[in-house]
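Observations on the model geometry
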Amino acid sequence: LLGRLKTNFQLSELAKSPRFTEWLNLTAEFTIRSLQNWRYSMNSIQYLLQLWGRLVAAMPYMKTETPDTLRSSESLRAAVMRVIESYVTIMIDSVETVVMHPDIEHPLEDEGLFDQMDRFHTIARAQYPQVAQLLLTNFQQYLSQYEQVLSSTGVNPQLIEVIEGKLTWLTYMVAAIVGGFNANDPRRRDEDQKIDGTLSQAVFRLIEMLEFRAKSSGGAQLASDKLETGILYYFRMFKKVYLTEHFAGPGGLNAAAQPLLPPLAHVAPIRDKGAQEQQSPHKVFFEHLNMGDLQRVMNVVVEKLCSNIKFWRDDSDVLEATLDAFADLVSTYGSCKTLLSLETVQFLVQHHTGDFFPFLGYNTDNKHRTTFYHALSRLVFSSAEDLNNSFDEFVTPNLAILGQLSNTQDLRQPPVK
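Numbers given for residues are sequential positions, taken from 1 along each chain in its written order. The predicted nature of this model means local features are confined to residues of pLDDT at least 70 and side-chain atom pairs, given and counted, to a pLDDT of 80 or more, with totals for whole chains, interfaces and linings taken over all residues. Hydrogen atoms and water are omitted, and side-chain values are computed over all heavy atoms in the structure.

1. Brief notes about the overall build of the protein chain
The condition is simple: Secondary structure is summarised from DSSP: a helix means a run of H or I of at least four residues, a strand means a run of E of at least two, and numbering begins at the N terminus for each. Residue burial is assigned from relative accessible area. The probe radius is 1.4 Å, only protein chains are included, and a residue is buried under 20% of its type maximum, exposed over 50%, and partly exposed in between. Whether two residues are in contact is decided by their heavy atoms, any of which lying within 4.5 Å being enough. To be clear on the numbers: accessible area is Shrake-Rupley with a 1.4 Å probe, and residue cover counts the displayed protein chains and nothing else.
For the protein chain, the helix and strand inventory stands at 17 helices and 0 strands. Within the protein chain, the fraction of its 417 residues that count as buried is 51%. Within the protein chain, contacts between residues at least 6 apart in sequence are counted, and of these 80% link residues at least 24 apart. Accessible surface computed for the protein chain: about 20,600 Å², of which carbon and sulfur atoms make up 50%.

Below, the structure is given as C-alpha cells:
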C-alpha cells in the first residue's frame, strides 16, 4: 500500500500535503520497527526499501522554491538517513542472533537479498558521504577485530563467525553502492569516485586477509561461504563500473607496482566536500583505492578467483559463483588482453589440470568444468595476434594426456577412464 502511494502520486504532490512531514516520520518509524523485527518481516523489507528508493529517486525533480517545500526536502533527507542508519546497524547486529540461534533463518540467505541491495544503492546515494562514512567506520572496526582474532590462538569459532558475518553485510552494502551506477553515467562525480575508492580499499584489505589465511594454511582455514559469496558479488559490481577497457587507472597499465594496501590506520575518512578538480573518473577512483594501476588490481582479483577454484572445490555454490565471476571478467576484449599479461593468468593457462586445481581432476564428475574451460578458452582465443603463443601453452596439458592415452594398450582400465 505504501509503495502504491508513491506510484500514484508525484513526490512534489505529496510534499504539498500539510501533513507530509508527519507522514514521513510515521513511515520512517514503521520502517525502522519492521527492520527491528526482521525475524518476522524479512519478506517485507525489500518493499519498504523500494518505497524509500522511489522517494529518493524523485528528489532531484522536487522543486524547493518555497520555504514549505524546502522544509519538506530537508525532512525527507533526515528520514532517509534514519532509515539507512537503522538498516545498516540492524542487519549487522542480526548476525549475532543467527549465530547464537542456528534455527533462525539467516537474513543473508533470504531470497530478496539482492533486491534489497538494489534498493540500498538508490537510498544510500541520497546521503552518500554520510552513509559511506558509516560503512567505513564499521568496516574498519570489524577488520581490526578480524585481524586480532586471526592472529590469536584458542579463539571461539563463534566469534570468528560473528565477525565474518558482519563483514559480509558490509561487503554486500559497499558492492551495491559502488556498482550502482553504470560506467558512463553522467551523474557520477569525482567526489563519488573518491568515496568509492576509499570504501573499495577496505574490501581489498579484507581480501588480502582472506588470501593470507587460506594460503598460509593450505586451504585448511577458510572464511565462511557467505563472506566468499559477498566478495564475489563485490567483484561483479566492481567490474561493471571500473574493470573495463575504458578505465586504466593512474599511470596506465605499465605503472610501477605499489604495495598492495597501506596499513589499516591510514585509510582516510570520508569528507563531505565537493569535487575540487576535474579529472577522469577512473583516475580519481584508482588514486583513492591506492593499489596502483588496473593491471595490479586485476591481478589481485584473479589471484582471489584462483584461490577459490583451488580451495573451494567441494563447495558447489562458491565454486559456481567463482567461475561465473571469472567468466564475467573475460567478457570483453580489453579485459582479456590485460589478463593475458598477468603471471597468475599465464600460470592458469599453462597448468589447468587436477594437479594444480583439484576440481579439474578426472576422478570427479564436476559439472563446473565446462564453465571453466569456456571462460579460459575465450580468454586465450581473444588474443588474435597470440604474441606469447598462449594457444600452444593452453593445449599442452591436453596434448600430454592424449600422449598418455596413445601409449596405453587397454583403454578399458579404470585409471584410463
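2. Topic: the packing of aromatic side chains
We count it as follows: What counts as a ring pair is set by centres within 6.5 Å for rings of Phe, Tyr and Trp (its six-membered ring), and what kind of pair is set by the plane angle: stacked under 30 degrees, edge-to-face over 60, tilted for all other angles.
The tally for this structure, following the rule as stated, stands at 16 aromatic pairs. Ring geometry for phenylalanine 238 and phenylalanine 285: centres 5.7 Å apart, planes at 45°, overall tilted. On the criterion of sequence distance, the pair formed by phenylalanine 238 in helix H10 (residues 225-241) and phenylalanine 285 in helix H11 (residues 281-289) is long-range, its members being 47 residues apart. Exposure remark for phenylalanine 238: the relative accessible area of 0% places this residue in the buried category. On the accessibility criterion, phenylalanine 285 (0% relative accessible area) is buried.

3. Topic: a negative patch on the surface
Filter applied, for reference: The patches described consist of residues with a relative accessible area above 30% and no salt bridge, like charges being joined within 9 Å and nonpolar side chains (Val, Leu, Ile, Met, Phe, Trp, Tyr) within 5 Å. Whenever Lys or Arg places a side-chain nitrogen within 4 Å of a carboxyl oxygen from Asp or Glu, that contact is recorded as a salt bridge. For the charge count, each Lys or Arg is scored as positive and each Asp or Glu as negative, with His and the chain ends excluded. The location of each charge is read from NZ of Lys, CZ of Arg, CG of Asp or CD of Glu.
On the surface, Asp225, Asp317, Glu320 and Asp324 cluster together into a negatively charged patch. Here the negative patch takes 3 residues from helix H13 (residues 316-329), the largest share from any one element. Here aspartate 324 is to be found in helix H13. Classification of aspartate 324 as partly exposed rests on a relative accessible area of 42%.

4. Quick word on the confidence of the model for the protein chain
The predicted coordinates of low-pLDDT regions are not to be read in fine detail. To be explicit about the condition: Per-residue confidence from the predictor is reported as pLDDT, which spans 0 to 100.
Mean pLDDT over the protein chain: 81, with 81% of residues reaching 70 or higher. Element-level mean pLDDT values for the protein chain span from 55 in helix H1 (residues 2-8) up to 96 in helix H8 (residues 157-178). The low-confidence segment residues 245-268, where pLDDT is below 50, has 63 contacts with residues more than four positions distant or belonging to other chains. Across residues 271-279 the pLDDT falls below 50, and counting only partners more than four positions away or on other chains, this stretch makes 13 contacts in the model.

5. Brief notes about the pattern of salt bridges
Working definition: two side chains of opposite charge can pair if their charged atoms are close together. Evaluation of the coordinates by the stated rule reveals 12 salt bridges. Among the ionic pairs, glutamate 22 bridges to arginine 19, the shortest N-O distance being 2.8 Å. A relative accessible area of 54% places arginine 19 in the exposed class. Each of Glu29, Arg33 and Arg82 takes part in a single network of salt bridges with overlapping partners.

6. Observations concerning the packing of helix H7 (residues 128-150) against helix H9 (residues 190-216)
The description of two packed helices rests on the angle between their axes and on the distance between the axes. Filter applied, for reference: Interaxial angle, 0 to 180 degrees, is taken between N-to-C directions of lines fitted to C-alpha atoms, where a helix line uses only the stretch in contact. An angle below 35 degrees is treated as roughly parallel, one above 145 as roughly antiparallel, one from 65 to 115 as roughly perpendicular, and anything else as oblique. Crossing handedness follows the turn of the near helix against the far one: under a right angle anticlockwise gives a left-handed crossing, and clockwise gives a right-handed one. Under the grouping applied here, Gly and all other residues not named as nonpolar or charged are polar, the nonpolar ones being Ala, Val, Leu, Ile, Met, Phe, Trp, Tyr, Cys and Pro and the charged ones Asp, Glu, Lys and Arg.
It is the contact of H7 with H9, at a shortest axis distance of 10 Å, that shows an interaxial angle of 15°. For the element pair H7 / H9, the angle class is roughly parallel. Regarding H7 and H9, the two cross each other, and that crossing is left-handed. Facing Tyr128, Pro129, Ala132, Leu135, Leu136, Phe139, Leu143, Tyr146, Glu147 and Leu150 of H7, the residues of H9 in contact are Asp192, Ile195, Asp196, Thr198, Leu199, Ala202, Val203, Arg205, Leu206, Met209, Leu210 and Arg213. In terms of residue class, the contact of H7 with H9 is built from 16 nonpolar, 1 polar and 5 charged.

7. Observations regarding the nonpolar core
Selection criterion: Here, the term nonpolar core denotes a set of buried Ala, Val, Leu, Ile, Met, Phe, Trp, Tyr and Cys residues that are joined through side-chain atoms within 4.5 Å.
The biggest cluster of nonpolar side chains holds 121 residues, and the ones touching the most others in it are Trp52, Tyr87, Phe120, Leu135, Trp169 and Phe204. The element best represented in this core is helix H5 (residues 67-100), accounting for 14 residues.

8. Details of the environment of leucine 227
By the secondary structure assignment, leucine 227 is in helix H10. The exposure class assigned to leucine 227 is buried, which follows from its relative accessible area of 0%. For leucine 227 and threonine 168, which are 59 residues apart along the polypeptide, the C-alpha to C-alpha distance reads 4.8 Å. In this structure, leucine 227 is in contact with Glu164, Leu167, Thr168, Thr171, Leu206 and Leu210, ignoring residues within four places of it in sequence.

9. So, H9
Threshold: One less than the residue count of a helix, multiplied by 1.5 Å, gives the span that helix is expected to have.
The end-to-end C-alpha separation of H9 is 38 Å, in line with the 39 Å expected for 27 residues at 1.5 Å each. Where burial is concerned, most of H9 is hidden: 22 out of the 27 residues are buried. Glycine 218 occupies a position one or two residues after H9 and carries a positive phi of about 65°.

10. Notes on the side chain of arginine 125
In this fold, arginine 125 is placed in the loop between helix H6 (113-124) and H7. Setting aside anything within four residues of it in sequence, one finds arginine 125 in contact with Ile177, Val178, Phe181, Asp192 and Asp196.

11. Quick look at a nonpolar patch on the surface
On the surface, Leu399, Leu402 and Leu405 cluster together into a nonpolar patch covering about 280 Å² of accessible area. Here leucine 405 shows up in helix H17 (residues 390-406).

12. A short note on helix H3 (residues 20-36)
Operational definition: This arc is built from the directions going out from the helix axis to the C-beta atoms.
For H3, spanning 17 residues, the distance from its first C-alpha to its last is 24 Å, which sits close to the expected 24 Å at 1.5 Å a residue. All of the buried residues along H3 are Phe20, Leu24, Thr27, Ala28, Thr31, Ile32, Ser34 and Leu35. Summarising the axial view, the buried residues of H3 lie within an arc of 160°, below the 170-degree limit, and thus occupy one face. Exposed and oriented more than 90 degrees from the buried face of H3 are Leu26 and Arg33.

13. Some points on the packing of H9 against helix H12 (residues 294-311)
One can describe the packing of H9 onto H12 by two numbers: an axis separation of 11 Å at closest approach and a directional angle of 40°. Judged by the inter-axis angle, H9 sits oblique to H12. Seen from above, H9 lies across H12 with left-handed handedness. Touching Phe204, Ile207, Leu210, Glu211, Ala214 and Lys215 of H9 are Val297, Val300, Val301, Glu303, Lys304, Ser307 and Phe311, all from H12.

14. Some points on the environment of glutamate 320
With respect to the element layout, glutamate 320 can be found in helix H13. Residue glutamate 320 is classed as partly exposed on the basis of its relative accessible area of 36%. Each C-alpha atom of the pair glutamate 320 and phenylalanine 372 lies 9.4 Å from the other, and the pair is 52 residues apart in sequence.

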